[in-house]
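# Observations on the three-dimensional arrangement
Chain by chain, the residues:
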Amino acid sequence: APTSTPVPEPTPTEGPGGQYDEVDPADEEACEAVLGGDEFIFDVHTHHVVPDGPWRQAAPAIAAMVARLVPPGCIEADPFTCLDRVAYVSDMFLASDTTVALVSDVPNGGDADAPLPFDDKLVTADLVDTLTTGGASRVLVHDVIAPNFGVLQDRLDLMTARAQNGRLAAYKAYTAWGPDGRGYALDDPAIGLPVVERVLDSGVNVLCAHKGLPILGFDPAFNGPRDLVALAAQFPQLQVVVYHSAFERATYEGPYDPAAAVTGTNSLLRALDDHGVPPNANVWCELGTTWRELMRDPTQAAHMLGKLLSRVGEDRVMWGTDAIWLGSPQAQIMAFRAFDITPEFQDVHGYPQLTRAIKEKVLGLNAAALFGVDPVATRCAVDGDALTAAAPEYRALVAEGAVASPYRSRGPVTRRDLLTGLRADPRLLGPD
């Protein structure tokens, strides 16, 4: 079968490799010059923690998972400081080309065990606002909901309260996370549908859910995208976002096979087919961790992107990185700029060519449309803000060795790394 290689898209005057063939991958400055860009980049999947929150004692499994992501060179007395708000601003806006970010949180049952409670997300947005000049905020926020913890009505009322200040971009659910390791379905009349009704009543109308990438003892029965796609078919006014695009490390991403579509991105495509949801409808997907994992395997990466772009739709695939868990997302951005799908794969599988226009949609324009962000106005504001002005100074510090390179990922970056970490600390798997 033909294979796909991560060759950059050539300019009209260049051959297949063009100027990229002459660049030494170890020369970071040269790579930056060649793989730089001026796209509007909207990262819809980002994280940081509040080091002094109660979550470290209340949720030891979550704390153990996050601890594995502290950068090896961290010299702070409290290692979680290296994943705090200041580190977030640095990694996202000084060490990468990201324009706008949506900040999220990990699975939790409420503020007591949340590494980044809702009000602290607003503090992060406020901090970035003080560094910008005009235009929309460069940080949007999720409300991570947990309707299967505690009293449902209390959770619904909290959803309403958090939407009333007008700063909530979307709700996010971890349906496979729950008390005693039991999850729930978003189309369950007892739990899920009341949540959906509250989302629609709030005026936010965007419901995201983590699907795939099982962590922390997730309940596999509720970790697939079926329920989210079913909601999209039932409520056309609702916009649903499949986080991670249902990717799972244990599932090889090959061509779409509906007969073997239990997990991975194939399960998302199968759900779309089963519920009659056409491309570019009200189902969206994002690439957090998915792209980072597969960009090292060009064949799988081509299948994953090709399937999503052709079936979910080129207007519905959004950029996400899961930063700052593994440092600056700049390496992921540059790899995506350079990647293409071979003509062979386009012919055999019907995948689109990754043109500049499609890459610009994925990197930011699609998310801008979903979340009502004006990319032109925001970019105009960015051009003169303090974060943009500080970026050259940051690059100078990198050159001097005073701060870490934004091109080197932190934490486990291969399957072997992950398994080694799990053997060293089984709590990463959660209570089960």
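Before any of the text, the structure's been laid out above.
Fair warning: this is a prediction, and the values are worked out from it, not measured in the lab.

How each quantity is defined
- Residues numbered from 1 in each chain as written.
- Predicted model: local features only at pLDDT ≥ 70, side-chain atom pairs only at ≥ 80, totals over all residues.
- Heavy atoms only, no water.
- Helix = DSSP H or I, 4+ residues; strand = E, 2+ residues; numbered from the N terminus.
- Contact = heavy atoms within 4.5 Å.
- Areas by Shrake-Rupley, 256 points an atom, 1.4 Å probe, with all protein chains shown as cover.
- Pairing = 2+ DSSP bridges.
- Axes fitted to C-alpha atoms, helices over the stretch in contact; angles between N-to-C directions.
- Salt bridge = Lys/Arg side-chain N within 4 Å of Asp/Glu carboxyl O.
- Buried < 20%, exposed > 50% of the residue type's maximum accessible area, 1.4 Å probe, protein only.
- Polar contact = N/O pair within 3.5 Å; in protein donor to acceptor, adjacent residues only side chain to side chain.
- Phe/Tyr/Trp six-rings, centres within 6.5 Å; stacked < 30°, edge-to-face > 60°.
- Lys NZ or Arg CZ within 6 Å of the ring centre and 35° of its normal.
- Parallel < 35°, antiparallel > 145°, perpendicular 65-115°, else oblique.
- Left-handed = near helix turned anticlockwise from the far one by under 90°.
- Nonpolar A, V, L, I, M, F, W, Y, C, P; charged D, E, K, R; others polar.
- Core = buried A, V, L, I, M, F, W, Y, C linked by side-chain atoms within 4.5 Å.
- Right-handed = clockwise from strand over helix to strand, strands pointing away.

### Some words on the overall build of the protein chain
- Per the secondary structure count, the protein chain includes 17 helices and eight strands.
- Within the protein chain, residue pairs in contact and separated by at least 24 positions form 77% of the contacts whose partners lie at least 6 positions apart.
- Accessible surface computed for the protein chain: about 17,300 Å², of which carbon and sulfur atoms make up 55%.

### Considering the sheet that holds strand β5 (residues 206-210)
- With respect to topology, eight strands assemble into an open sheet ordered β1-β2-β3-β4-β5-β6-β7-β8, the strand pairing being parallel. Each edge of the open sheet carries a strand with a single partner, namely β1 (42-46) and β8 (317-318).
- Direction of pairing for β1 relative to strand β2 (residues 100-103): parallel, over a ladder of three bridges. For D43, the partnering residue across the bridge sits in β2 and is A101.
- Each of β2, β3 (139-145) and β4 (168-173) touches helix α5 (residues 118-130); the most contacted strand, β3, lies at about 175° to it.

### Focus: the pattern of salt bridges
- One pass over the structure, following the stated rule, counts 20 salt bridges.
- For D78, the salt bridge is made with R56, and the minimal N-O distance between the two is 2.7 Å. Of the two residues, D78 sits in the loop between α3 (60-67) and α4 (85-94) while R56 sits in helix α2 (residues 55-58), which places them 22 residues apart along the sequence.
- Look at D78 and you get partly exposed, because its relative accessible area is 23%.
- Residue classification places R56 among the partly exposed positions, given a relative accessible area of 24%.
- One connected set of salt bridges, linked through shared partners, spans D38, R356 and E360.

### A closer look at the side chain of E39
- Mapping E39 onto the fold places it in the loop between α1 (28-35) and β1.
- Polar contacts involving the side chain of E39 include one to the side chain of R337, which spans 2.7 Å.

### Looking at helix α12 (residues 330-338)
- Of all nine residues that make up α12, eight are buried, and the element is covered over most of its length.
- Every buried residue belonging to α12 is among Q330, A331, Q332, I333, M334, F336, R337 and A338, and all of these are buried.

### Describing the packing of aromatic side chains
- Counted under the stated rule, the structure contains eight aromatic pairs.
- Taking 5.6 Å as the distance between ring centres and 90° as the angle between the ring planes, the aromatic pair formed by W291 and F336 counts as edge-to-face. With a gap of 45 residues between them, W291 in helix α10 (residues 290-294) and F336 in helix α12 connect regions that are remote in the sequence. Here W291 matches F336 in class, with each residue buried.
- Plain terms: the ring middles of W291 and F339 are 5.4 Å apart, the flat faces sit at 75° to each other, and that makes the pair edge-to-face. With W291 in helix α10 and F339 in the loop between α12 and α13 (343-349), the pair connects residues that are 48 residues apart, well separated along the chain. Grouping residues by exposure puts W291 and F339 together as buried.
- By the ring-pair criterion, three or more aromatic residues cluster together here, those being W291, W319, F336 and F339.
- The ring of W284 is capped by R316, whose NZ or CZ atom sits 4.1 Å from the centre of that ring.

### Some details on the environment of N223
- Here N223 lies in the loop between β5 and α8 (226-234).
- N223 gets classed as buried once you look at its relative accessible area, which sits at 4%.
- Taking the C-alpha atoms as reference, N223 lies 8.9 Å from A185; in sequence the two are 38 residues apart.
- Non-local contacts of N223, meaning those with residues more than four positions away in its chain, are made with A176, H210, K211, G212, L213, P214, F218 and E248.

### What about the packing of α12 against helix α14 (residues 356-371)?
- In the contact formed by α12 and α14, the axes pass within 10 Å of each other and the chain directions differ by 155°. When the axes of α12 and α14 are compared, the pair comes out roughly antiparallel. For the element pair α12 and α14, the recorded crossing hand is right-handed. Taking contact as the criterion, the partners of F336, R337 and A338 in α12 are, on α14, K359, V362 and L363.
- Each residue belonging to the contact of α12 with α14 can be placed in one class, and the counts come to four nonpolar, no polar and two charged.

### Some points on α8
- Listed in full, the buried residues belonging to α8 are D227, L228, V229, A230, L231 and A232.
- For α8, the elements touching its buried residues are α7 (192-202), β5, β6 (239-243), α9 (264-274) and β7 (283-286).

### Details of the nonpolar core
- The biggest cluster of nonpolar side chains holds 100 residues, and the ones touching the most others in it are L207, L268 and W291.
- Of the residues forming this core, the biggest block, seven residues, is contributed by helix α11 (residues 298-312).
- Aside from chain neighbours lying at most four places away, what touches L268 is P225, V229, V242, S245, A246, V283, C285, L308 and V312.

### Some points on the pairing of β4
- Among the six residues that make up β4, six are buried, leaving the element largely enclosed by the rest of the structure.
- For β3 and β4, the ladder comprises five bridges, and the chain directions are parallel. Within the sheet, the bridge partner assigned to H142 lies in β4 and is A170.
- A crossover connection joins β3 to the parallel β4 through helix α6 (residues 152-163); in handedness this β-α-β unit is right-handed.
- The pairing of β4 with β5 spans three bridges and is classified as parallel. Residue pairing across strands places A173 opposite A209, the latter belonging to β5.
- Handedness of the crossover is the feature at issue here: the chain leaves β4, passes through α7, returns alongside β5, and the resulting connection is right-handed.

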